[in-house]
Amino acid sequence: MKEKSFLLFSAVLLVVLSVVWMIPIYALVTTSLKTQEEVALQKYLTLPQRLQFSNFARAFQALKIGLRNSFIITLSATFIAVFVGSLAGYSLTSFNFRFATLLFFLIVVVTFLPYHIVLIPITHILKSLALLNTYAGLILIYTILSAPMATLITGTFFMKIPPELEEAAMLDGCKPFLFYLRILLPVSLPGLVSATILVFIQIYNEFLLGIALTRGPEVKPVMPFLAELKGTQIAQWHIQMAGALITSIIPVAVFIFLGKYFISGLMAGYGKG
Amino acid sequence: MRYYRTQGLAFLIPILVIVGIFYGMIVWNFVVAFTGWQGLQATWKFVGFYNFSRLFSLQRFWVNIGNNLRWLLFFIAPTVFGGFVLAYLLNNLGRGEKILWQVFLFPMSLSFIITGVLWAWMYDPSSGLINSILRLLGVNTSRLGWIALPQTAVYCMIVAAFWQYLGFALVIYLGAIKGIPYEMVEAAKVDGASHFTVAFRVIFPNVGHATLICTTMLAITTVKVFDLVWVMTRGGPGVSTEVLPYLMYRLTFDSRDIGMGAATSIVILGFSAIMVIPYSLWALKKWVRV
């Protein structure tokens with residue numbers, strides 16, 4: 001009996017907490033669909049009377065250049081970082097290099113050190129390469145900062161592939177790069193997806209480099225635009241919330257549809273898995 | 001395989017270059033911290049510890065340090081503890097797991113900027129969500145300024161980050177708890193151990209690796225809260241919510257005092273390295289057999 005009431009208690013506690021956790025999101029969504037007059041009434045928990053999709057049009061107008069820039073930068077940098085990282089992950093886990101331990105250690109350290117500590121040299125490098133305020137510059141930096149993590153995540157998955165697979169392929173005359181491309185990547189597709197998702201979300205969500213390495217709107221990613229929207233639309237909560245919602249659609253969609261890979265990526269990157 | 005070692009080595013070239021650049025940048029930063037570089041042009045004049053002594057004599061620097069310590073203390077402990085308790089309850093409940101952890105985890109896919117925009121609105125003293133709800137409940141909110149007050153602002157941000165990161169701790173602990181041999185927990189229960197005993201005396205000592213992961217990752221997150229500070233308060237009121245990366249940004253990009261900005265980065269580096277290096281030595285086991 002005691003056990004039963006404990007289970008009931010934990011069920012209730014968990015459900016109440018998860019409702020509390022969702023309140024901010026509920027308020028965000030409903031407020032983004034209200035008129036300014038409704039917002040002024042401050043009854044944030046009531047549903048909007050008529051759905052105001054024009055809020056989204058206004059927020060989108062303010063964010064669209066940033067969204068375009070973010071797409072270009074994030075997709076390119078993610079692709080390059082995962083390619084470079086998975087090649088390194090393959091090499092480090094299959095060839096038994098004596099220095100692999102040291103290199104792995106150096107990679108783990110740079111994966112987890114916050115990139116804020118190299119913000120000044122990053123800015124200086126891009127400036128001397130004349131790449132400040134260019135797509136190429138941002139893509140270059142995001143690739144440098146994300147490839148180590150991609151190496152770790154893909155490496156974790158590659159280690160689970162039995163070495164016999166590679167030996168058999170080699171005996172059939174398959175060269176390493178073809179093995180990597182035609183066999184290893186398809187076989188460890190979940191690992192590749194996990195690495196891609198984590199790197200993608202990390203770059204898409206990045207803010208500091210977005211403000212430090214750009215001048216003006218031309219190549220600025222979307223997060224600085226959202227921060228600016230907050231600055232310029234003071235107390236226009238419905239527009240701010242619509243902007244926050246538009247910006248979060250991509251990571252949230254990734255999370256909902258590919259959540260499994262998000263978790264296994266987290267586990268592969270940090271956890272014991 | 002042996003025949004192909006040169007090719008295998010070639011696959012490593014890009015990451016070697018990248019890792020080389022990264023460590024090169026750290027060294028470069030270190031050197032700059034000891035030069036008198038101010039303004040746009042690099043001046044490679046060695047000034048010893050001058051930048052550090054200027055930094056340490058700033059009142060503002062110590063406010064930043066205080067805030068970083070507040071973040072470490074009041075963000076990590078509750079998140080780790082809450083994550084563990086929720087993971088235990090969820091695992092023990094045995095149902096609804098899939099839905100429930102997703103509810104807690106999804107804020108992690110959002111950026112600090114989105115969280116910041118959302119929570120800045122919730123905390124707004126006059127028209128924010130929290131004070132509106134409190135007024136509905138008949139509370140006098142005229143003195144509840146939340147992020148507008150220097151005394152409470154940092155803690156308000158910590159709550160927002162707690163909201164975002166609780167799911168991370170939950171998922172890490174949930175994975176770890178599932179890895180514990182079932183018999184061990186069962187044996188303790190047969191002996192009549194209470195849930196408290198099972199959770200904190202039997203399970204908790206056996207998920208030390210999860211505690212290590214959570215503590216380290218959350219500690220590193222306290223450096224990344226730059227974004228949250230930027231979007232919620234811009235370091236204000238005054239400088240009361242600034243954290244070290246914020247000071248570094250201001251010194252470097254607003255005051256153009258590159259030497260002092262670099263010195264601040266070195267302080268952040270020291271602070272991060274204390275946590276990251278032991279953690280990396282431990283985590284290394286996963287990728288190589290040491």
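Residues numbered from 1 in each chain as written. Chains lettered and ligands numbered in written order. Predicted model: local features only at pLDDT ≥ 70, side-chain atom pairs only at ≥ 80, totals over all residues.

1. Thoughts on the overall build of chain A
Thought 1: When helices and strands are counted, chain A shows 12 helices and 0 strands.
Thought 2: Going from N to C terminus, chain A has its helices and strands arranged as α-α-α-α-α-α-α-α-α-α-α-α.
Thought 3: Dimensions of chain A, computed from C-alpha atoms along their principal axes, come out at roughly 75 × 70 × 35 Å.
Thought 4: In chain A, buried positions account for 50% of the 273 residues.
Thought 5: Pairs at least 24 residues apart make up 78% of the contacts formed inside chain A by residues separated by at least 6 positions. (Helix = DSSP H or I, 4+ residues; strand = E, 2+ residues; numbered from the N terminus. Buried ≥ 20, exposed ≤ 12 C-beta atoms within 10 Å, placed from the backbone. Contact = placed C-beta atoms within 7 Å.)

2. Some words on the overall build of chain B
Thought 1: In terms of regular secondary structure, chain B is built from 13 helices and 0 strands.
Thought 2: In chain B, the order of α-helices and β-strands from amino to carboxyl end is α-α-α-α-α-α-α-α-α-α-α-α-α.
Thought 3: The dimensions of chain B, computed from C-alpha atoms along their principal axes, are 75 × 70 × 30 Å.
Thought 4: Looking at chain B as a whole, 46% of its 290 residues are labelled buried.
Thought 5: Across chain B, every contact between residues at least 6 apart in sequence was considered, and the portion connecting residues at least 24 apart equals 69%.

3. Some remarks on the domain arrangement of chain A
Residues and elements named next belong to chain A.
Thought 1: By the assigned domains, chain A splits into domain 1 (22–52) and domain 2 (54–269).
Thought 2: Taken residue by residue, the interface counts 9 residues in domain 1 and 8 residues in domain 2.
Thought 3: Among the secondary structure elements, those contributing two or more residues to the side of domain 1 that touches domain 2 are helix 1 (2–32) and helix 2 (36–40).
Thought 4: At 4 residues, the largest contribution of residues to the side of domain 1 that touches domain 2 is made by helix 1.
Thought 5: Class assignment of the residues belonging to the side of domain 1 that touches domain 2 gives a composition of 4 nonpolar, 4 polar and 1 charged. (Domains from an automatic or database assignment. Nonpolar A, V, L, I, M, F, W, Y, C, P; charged D, E, K, R; others polar.)

4. A few points about the interface of chain A and chain B
Thought 1: Contact with chain A, which involves 77 residues of that partner, is made by 77 residues of chain B.
Thought 2: Counting residues per element, the side of chain A that touches chain B draws most heavily on helix 12 (residues 237–269) of chain A, at 14 residues.

5. Comments concerning helix 3 (residues 54–94) of chain A
Thought 1: Approximately 55 degrees is the largest bend angle found in helix 3 of chain A, and it occurs at L63 of chain A.
Thought 2: Following helix 3 of chain A by one or two positions, N96 of chain A has its phi on the positive side, about 50 degrees. (Bend = angle between axes of the 7 residues up to and from the residue.)

6. Looking at unusual backbone geometry
All names here are of chain B.
Thought 1: With an omega dihedral of -5 degrees, the bond running from G236 to P237 counts as a cis peptide bond.
Thought 2: Mapped onto the fold, P237 is located in the loop between helix 11 (226–232) and helix 12 (244–254).
Thought 3: The residue R234 is not glycine, and still its phi comes out positive at about 55 degrees.
Thought 4: Tracing the chain through its elements places R234 in the loop between helix 11 and helix 12.

7. Focus: the nonpolar core
Thought 1: One finds I141 and L226 of chain A together with M157, A169, L170 and Y173 of chain B to be the most contacted residues of the largest nonpolar core, which totals 181 residues.
Thought 2: In terms of residues, this core owes the most to one element, helix 7 (residues 153–178) of chain B, which gives 19 residues.
Thought 3: Ignoring anything within four residues of it in the chain, the contact list for M157 of chain B reads V225, L228, V229, M232 and T241 of chain B. (Core = buried A, V, L, I, M, F, W, Y, C linked by C-beta atoms within 7 Å.)

8. Observations concerning the confidence of the model for chain B
Thought 1: Summary statistics for chain B give a mean pLDDT of 90 and a share of 98% for residues scoring 70 or more.
Thought 2: Interface confidence for the predicted complex, expressed as ipTM, amounts to 0.92; the pTM equals 0.93. (pLDDT = per-residue confidence, 0-100.)

9. Describing helix 8 (residues 176–187) of chain A
Thought 1: Of the residues making up helix 8 of chain A, those classed as buried are P176, F179, Y180 and L184 of chain A. Down the axis of helix 8 of chain A, the smallest arc covering the buried residues is 95 degrees, so these residues share one side. When the buried face of helix 8 of chain A is taken as reference, the exposed residues oriented beyond 90 degrees from it are L178, R182 and P186 of chain A.
Thought 2: Taken together, the buried residues of helix 8 of chain A touch helix 3, helix 6 (135–158) and helix 7 (163–171) of chain A together with helix 1 (5–32) of chain B. (Arc of directions from axis to C-beta.)

10. A closer look at the packing of helix 5 (residues 119–128) of chain A against helix 1 of chain B
Thought 1: Relative to each other, helix 5 of chain A and helix 1 of chain B sit at 100 degrees, their axes nearing to 8 Å. Compared by their axis directions, helix 5 of chain A and helix 1 of chain B come out roughly perpendicular. Contacts between helix 5 of chain A and helix 1 of chain B involve I120, P121 and I122 of chain A from the former and M25, W28, N29 and V32 of chain B from the latter.
Thought 2: Along the lines of polarity and charge, the residues of the contact of helix 5 of chain A with helix 1 of chain B split into 6 nonpolar, 1 polar and no charged. (Axes fitted to C-alpha atoms, helices over the stretch in contact; angles between N-to-C directions. Parallel < 35°, antiparallel > 145°, perpendicular 65-115°, else oblique.)

11. Overview of the packing of helix 8 (residues 182–190) of chain B against helix 9 (residues 195–203) of chain B
All names here are of chain B.
Thought 1: For the pair helix 8 and helix 9, interaxial distance at closest approach is 10 Å and the crossing angle is 135 degrees. The angle between helix 8 and helix 9 falls in the class oblique. In the packing of helix 8 onto helix 9, the handedness of the crossing is right-handed. Of the residues in helix 9, those touching helix 8 at M184, V185, A188 and K189 are T197, V198, V202 and I203.
Thought 2: The residue inventory of the contact of helix 8 with helix 9, partitioned by class, reads 6 nonpolar, 1 polar and 1 charged. (Left-handed = near helix turned anticlockwise from the far one by under 90°.)

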